[in-house]
Amino acid sequence: MRNEESGRRGHRILRTALVLIAVVVLGAGGYAGYVVVHAGRPVTLPAPTGSYPVGRTGFEWTDATRTDPLAPAPAGRRELAVSLWYPAAPAGRARPADYTPGAWAQLHLPGPVGLAETDFADVHDHALADAPVAPGQFPVVILEPGLGFAAPQYTTLAEDLASHGYLVAGVTPTYSANLTVLHGRLVHATAAGNPSSFNGPDLHAGAAQADGDRLVAVWATDARFAADKTIALDSTRLFAGHVEHDLVSYVGHSFDGAASLEACRTDTRCAGAVDLDGTPYGAVVHTGLAKPHLLLASGDLCLAATCPSAPADPAVHELLATGGPAWCYQIDGARHFDFSEYDAYYLAAPLRAQLALGDLDGTEVLTITGAYVTAFLDHTVHARAEPLLQTGNTELPQVKTQRHPA
C-alpha cells in the first residue's frame, strides 16, 4: 500500500514536471516565433531634419606618414575606412545607399544571437549612393564612433548633419573597431587597439589610463588625417568646389569623443568639438580646450559636481576647469549605447538587457543628439544664435543643462 502510494506520488511529480517542461518549451517556442517575426520587420531610421537631400560615398585612405601601431605586427601604414555623407543635389537616378554596404553587413551580431536583432538588410537609411553634391561650399565634420563600433552605426547623426549642410566623414578606427572592412576583407580588433584594461571598474587608473592616453593620441591623429583628406577632395571631380577649407569640427562618441577633444586641441582649423558620453583622455584634459566644445552625456557620466546616478568624473572636471567655452547637457533616461543606433533596431528582451540602453523610447536619444549637435555646430561654425543651447530651454525636457558659457 505504501509502495503504491509512493508510486502514485512519483507519477504525480513526474506528470507535474512534464507539464512544466511542456509549458516552458511551448512558451519558449512561442517567444522564439515572436522574436523572429519582430526581428524580420523593416526598420527605417529617423529622417534627416535639414533641407538638403543626403548623398553617401566611401573611401579607403592610407596615411603614408605613419606605421600602424595597433596592427598585430606593426609594419604597414595606417589605413582607414571612411564613410562620407554630404548635402546632395536632387538626383532622380541615384539609388538608395545601403545601411551596411557589402561586407560591412557583418557588423550584425553573428550566429544564433543575431536572430534576436533586426537584419541590417532591413535597416533603411535616407542617403543616395554617390549622388551629385548640392551647389555651394560645405564645412567638414569628422565623426568618430565609440570603441568597438563602426561609422555606419552612426548613420542617423551623419545624415542629419549632412542634411544641414555639412560634409560628414565617418572614420572607423582600424584595429579598435570590432570590425572594419578594408579592400573587401574583414579586419578585427587587436589587443593593442581594444585593450583588456578597459574592462576594469576604473577607466582612469593604472593601465587603463595609460592605454586611454595612448589610444586617444592615435585616434586624434586619425581624425586630423581624415580632415586633411576630406578637404583635399575639393580637387576631385565629385566634390570639386564644394569643400570649405578653413573650418573643421570633430564629433565623437565614447573614447572617440575624447579623441575629438584632443584632435580639436591640436588642429588650428578646429571650430569646435563634441564629446558624446565619453570620459576625456590625453593632454587636452590637463591643458583644457580653448575652442568651443559640447559634452552631451547619458545618466552614466556625471558632468556636474554631484550627480544622483553616477560619481563625478575627475577627467571631465579637470578639462572644464581649464578650458574654453563649454556646453554640457545630460539626457535623463539615456545610457551609453543610446548614442549609437542600437536603440533603433529591434532587439529581443534578453539581448537588449545585456546592452547599455536606457528607458527612453526607440530613437529618442538619436533625435535629441542630432538636434543638439546641429545647434552647436551651427552656432560655432556659422555664428548663428541657437535657442536650444540656452539655459532654461524647455523644448526637450529630458535634457538637463549642467554647464553653459557665461
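In this report, the structure presented in the accompanying data block is examined. Predicted, not measured: the structure shown is a model, and the values here were computed from it.

Regarding helix 2 (residues 155-163)
- Within helix 2, nine of the nine residues are buried, which leaves it mostly tucked inside the rest of the structure.
- Looking only at helix 2, the buried set comprises Thr155, Thr156, Leu157, Ala158, Glu159, Asp160, Leu161, Ala162 and Ser163.
- Of the residues flanking the end of helix 2, it is Gly165, one or two places downstream, whose phi is positive at about 100 degrees.

Focus on the sheet that holds strand 5 (residues 128-129)
- The ten strands lie next to each other as 5-2-3-7-6-10-11-12-13-14, forming an open sheet whose pairing is mixed. Sheet topology places strand 5 and strand 14 (399-403) at the edges, where each strand pairs with a single neighbour.
- Sheet topology note: the strand 11 (residues 270-276)/strand 12 (residues 293-297) ladder contains four bridges and is parallel. Bridge pairing links Asp275 to Leu295 in strand 12.
- Against the sheet, helix 6 (residues 314-322) touches strand 12, strand 13 (326-331) and strand 14, its axis set at about 155 degrees to strand 12.

Things to note about the pattern of salt bridges
- Inspection of every chain in the model, using the stated rule, returns 13 salt bridges.
- Two residues, Arg66 and Asp63, come together in a salt bridge whose shortest N-O distance is 2.8 Å.
- Taking the shortest distance from any N to any O, the salt bridge between Asp378 and Arg384 comes out at 3.5 Å.
- With relative accessibility at 7%, the residue Asp378 sits in the buried group.
- On the basis of relative accessible area, Arg384 is assigned to the partly exposed category, the value being 39%.
- One salt-bridge network, held together by shared partners, links Asp63, Arg66, Asp68, Arg78 and Asp222.

How each quantity is defined
- Residues numbered from 1 in each chain as written.
- Predicted model: local features only at pLDDT ≥ 70, side-chain atom pairs only at ≥ 80, totals over all residues.
- Heavy atoms only, no water.
- Buried < 20%, exposed > 50% of the residue type's maximum accessible area, 1.4 Å probe, protein only.
- Helix = DSSP H or I, 4+ residues; strand = E, 2+ residues; numbered from the N terminus.
- Pairing = 2+ DSSP bridges.
- Contact = heavy atoms within 4.5 Å.
- Axes fitted to C-alpha atoms, helices over the stretch in contact; angles between N-to-C directions.
- Salt bridge = Lys/Arg side-chain N within 4 Å of Asp/Glu carboxyl O.

What is shown is where atoms sit, not what they do.
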